[in-house]
Amino acid sequence: MRSLGAVAAAGILVLGCSYHNVVYNAGNRLAEAEAHRRAGRDSLSRAAYLDVIRRTGDAFRGRPDAEWSGEALFLLGRSHLRLGNLDEASAALGEARDRSGDPALRNEVLVYVAAARAEAGDADGALTSVNESLEAPLGRDARAEAHLLRGRLMLAAHRPDQGWWDLDRAVEAKPAVRVEAGLERLKWGVRAGDLKRSRSAIEGLFGNPEGGTRLDTVRVLVDGATGRWGAWTVAGLLEGADESAWDRTARGRMALHRARLLHQAGDSARAFGQALRVAAGLGDSAAEARLLVASWRLATAEGLTDAYGVRRVLLPAGSNPEVQRTLAAIDDLEAYAATGLAEALGWFAAAEVARDRLGAPYLARGLFLAYADAADEEPWAPKALLAAIQVSADEGDRAWLRERLEAHGDSPYVLAALGGSAVGFETLEEGLEVRLRELRR
């Protein structure tokens, strides 16, 4: 029969193994969280960090004096840090450093203590701590984190050479942080107004297949660069988007972002060419490109034939829900316009489709005027003239339309537009809605 001492020893061993397994599994879960964070999968990373906090917190509360308590607190502190819980992170990391008897672990903890100080706004304290940590051996994860942190601190302190050197060392320590380092290069290059380094950062991101996972972040940084250098210059920075190493969807969407910048800069020919190259492909980015080309054409469409011609652009992507909505709007436009030949109010209904659903202001103006010309005696003619004024870009055109409105000075629509009392306005609106419903049938 086993002695009570042997049973107790076996129980302690089982508890120790169980505790070690919890910490081991939490460490693996933290690695998953970090991978999700680097790839921009924020919801997944948050869930994983919370899971680490739950596991390590439960384990530590169950056996606060266990051999692995320092490591558990380290994992707990890092997870809180990533979630922005700075007080909890600082407390856990400080306790981990005090409890651990392992000098290597204590030095790694110091890296994240420095990160917490940086997040709290203590740049000097963060720099002191991270410099201290880099004077001793570090594992590759902690060394990469230390160089990333010091790189940010150096760049924020307007020391770009040192900052870029540290970012290079971070990638050498752990190649998986290449995208994170590239985003830092781009962010600080733009902030410093350094066009050459910004170009280098974008080229580096384009050359990394994982760079496309951070497409949204890159676009935000590019938009910031547009505010500094203008759409034309930034479109030039994105010239390599078509040939980037990203997956098809991310590559296409960044190429479309470049097309929008070219269009914004006034180079419509290159903008259309860029967008049409993406449209010739497959998938969501191709459908998005067709919608973009369609929107540009509708924005300048002056006649019904121009609007109907947009169908040829959209039909190859007809399974896309937004494409379907646009095609349905064009169908409604055509049906209402045909009705206008017999019932003038059809022109008004078609004009509202052009304005509200298709973003075709020139076409909408023409249709509103077609109704006003054909039904000048109807009480809704002034409403059509007011709508035409709203979609007219030229001040001379708006002045001419306002002159036409002078003949309708007693209209409730005109009186309401001038801010006066408009008796009968609601009745007219209700009557118009009834007539439009009849047309829709």
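Residues numbered from 1 in each chain as written. Predicted model: local features only at pLDDT ≥ 70, side-chain atom pairs only at ≥ 80, totals over all residues. Heavy atoms only, no water.

### Regarding the overall build of the chain
So, point 1. A count of helical and extended segments in the chain gives 23 helices and zero strands.
So, point 2. A compact globule built from 441 residues would reach a C-alpha radius of gyration of about 22 Å, whereas the chain, at 32 Å, exceeds it by more than 25%.
So, point 3. A principal-axis box enclosing the C-alpha atoms of the chain has dimensions of 105 × 55 × 45 Å.
So, point 4. For the chain, the proportion of its 441 residues judged to be buried stands at 46%.
So, point 5. In the chain, of all internal contacts separated by at least 6 residues, the share reaching a separation of at least 24 is 55%.
So, point 6. Just so you have it, the chain exposes about 21,700 Å², and 52% of that area is on carbon and sulfur atoms.
So, point 7. Of the charged side chains in the chain, 56 are positive and 63 negative, and the gap between their average positions amounts to 7 Å. (Helix = DSSP H or I, 4+ residues; strand = E, 2+ residues; numbered from the N terminus. Rg over C-alpha atoms; globule rule 2.2 N^0.38 Å. Buried < 20%, exposed > 50% of the residue type's maximum accessible area, 1.4 Å probe, protein only. Contact = heavy atoms within 4.5 Å. Areas by Shrake-Rupley, 256 points an atom, 1.4 Å probe, with all protein chains shown as cover. Lys, Arg positive; Asp, Glu negative; His and termini not counted. Charge placed at Lys NZ, Arg CZ, Asp CG, Glu CD.)

### Notes on the confidence of the model for the chain
So, point 1. Averaged over every residue, the pLDDT of the chain is 88; residues scoring 70 or more account for 94%.
So, point 2. The model gives residues 1-16 a pLDDT under 50, and that stretch makes four contacts with residues more than four places away or in other chains. (pLDDT = per-residue confidence, 0-100.)

### Some details on the environment of Ser198
So, point 1. By secondary structure assignment, the location of Ser198 is in helix α10 (residues 195-206).
So, point 2. Looking at Ser198, the relative accessible area reads 0%, which means it is buried.
So, point 3. Linking Ser198 and Val234, residues 36 residues apart in sequence, is a C-alpha distance of 9.8 Å.
So, point 4. Excluding anything up to four places from it in sequence, Ser198 contacts Leu186, Gly189, Val190 and Trp229.
So, point 5. A distance of 3.3 Å separates the side chain of Ser198 from the backbone nitrogen of Val190, its partner in a polar contact. (Polar contact = N/O pair within 3.5 Å; in protein donor to acceptor, adjacent residues only side chain to side chain.)

### Digging into the packing of aromatic side chains
Geometrically, a pair of aromatic rings is defined through the distance of the ring centres and the angle of the planes.
So, point 1. Tallying each qualifying case throughout the model produces six aromatic pairs.
So, point 2. Relative to Tyr112, the ring of Phe74 lies with its centre 5.5 Å away and its plane at 65°, an arrangement referred to as edge-to-face. With Phe74 in helix α3 (residues 69-82) and Tyr112 in helix α5 (residues 103-119), this residue pair connects regions lying 38 residues apart in the sequence.
So, point 3. Of the residues examined, Phe74 reaches a relative accessible area of 4% and is grouped as buried.
So, point 4. Using a relative accessible area of 2% as the deciding quantity, one classes Tyr112 as buried.
So, point 5. Judged by centre distance (5.2 Å) and plane angle (80°), the ring pair of Phe206 and Trp246 falls under edge-to-face. Separated by 40 residues along the polypeptide, Phe206 in helix α10 and Trp246 in the loop between α12 (231-237) and α13 (248-264) bring together distant segments of the chain.
So, point 6. You can call Phe206 buried: its relative accessible area is 6%. (Phe/Tyr/Trp six-rings, centres within 6.5 Å; stacked < 30°, edge-to-face > 60°.)

### Describing the nonpolar core
So, point 1. Grouped together as the largest cluster of nonpolar side chains are 48 residues, with contacts concentrated most on Leu314, Leu333, Phe348, Leu358, Leu367, Phe368 and Tyr371.
So, point 2. Sorting elements by how many residues they give to this core places helix α18 (residues 345-356) first, with eight residues.
So, point 3. Excluding anything up to four places from it in sequence, Leu333 contacts Leu304, Ala307, Tyr308, Ala350, Val353, Ala354, Leu358, Leu363 and Leu367.
So, point 4. If you look at the next biggest cluster of nonpolar residues, it comprises 47 residues, including Trp164, Val177, Ala231 and Ala289. (Core = buried A, V, L, I, M, F, W, Y, C linked by side-chain atoms within 4.5 Å.)

### Section: the packing of helix α4 (residues 86-99) against α5
So, point 1. With their axes 9 Å apart at the nearest point, α4 and α5 run at an angle of 160° to one another. In terms of axis orientation, α4 runs roughly antiparallel to α5. Crossing handedness for the pair α4 and α5: left-handed. Seen from α4, the contacting residues are Leu86, Ser90, Leu93, Ala96, Arg97 and Asp98; seen from α5, they are Arg106, Val109, Leu110, Tyr112, Val113, Ala116 and Glu119.
So, point 2. Residues that form the contact of α4 with α5 fall into these classes: eight nonpolar, one polar and four charged. (Axes fitted to C-alpha atoms, helices over the stretch in contact; angles between N-to-C directions. Parallel < 35°, antiparallel > 145°, perpendicular 65-115°, else oblique. Left-handed = near helix turned anticlockwise from the far one by under 90°. Nonpolar A, V, L, I, M, F, W, Y, C, P; charged D, E, K, R; others polar.)

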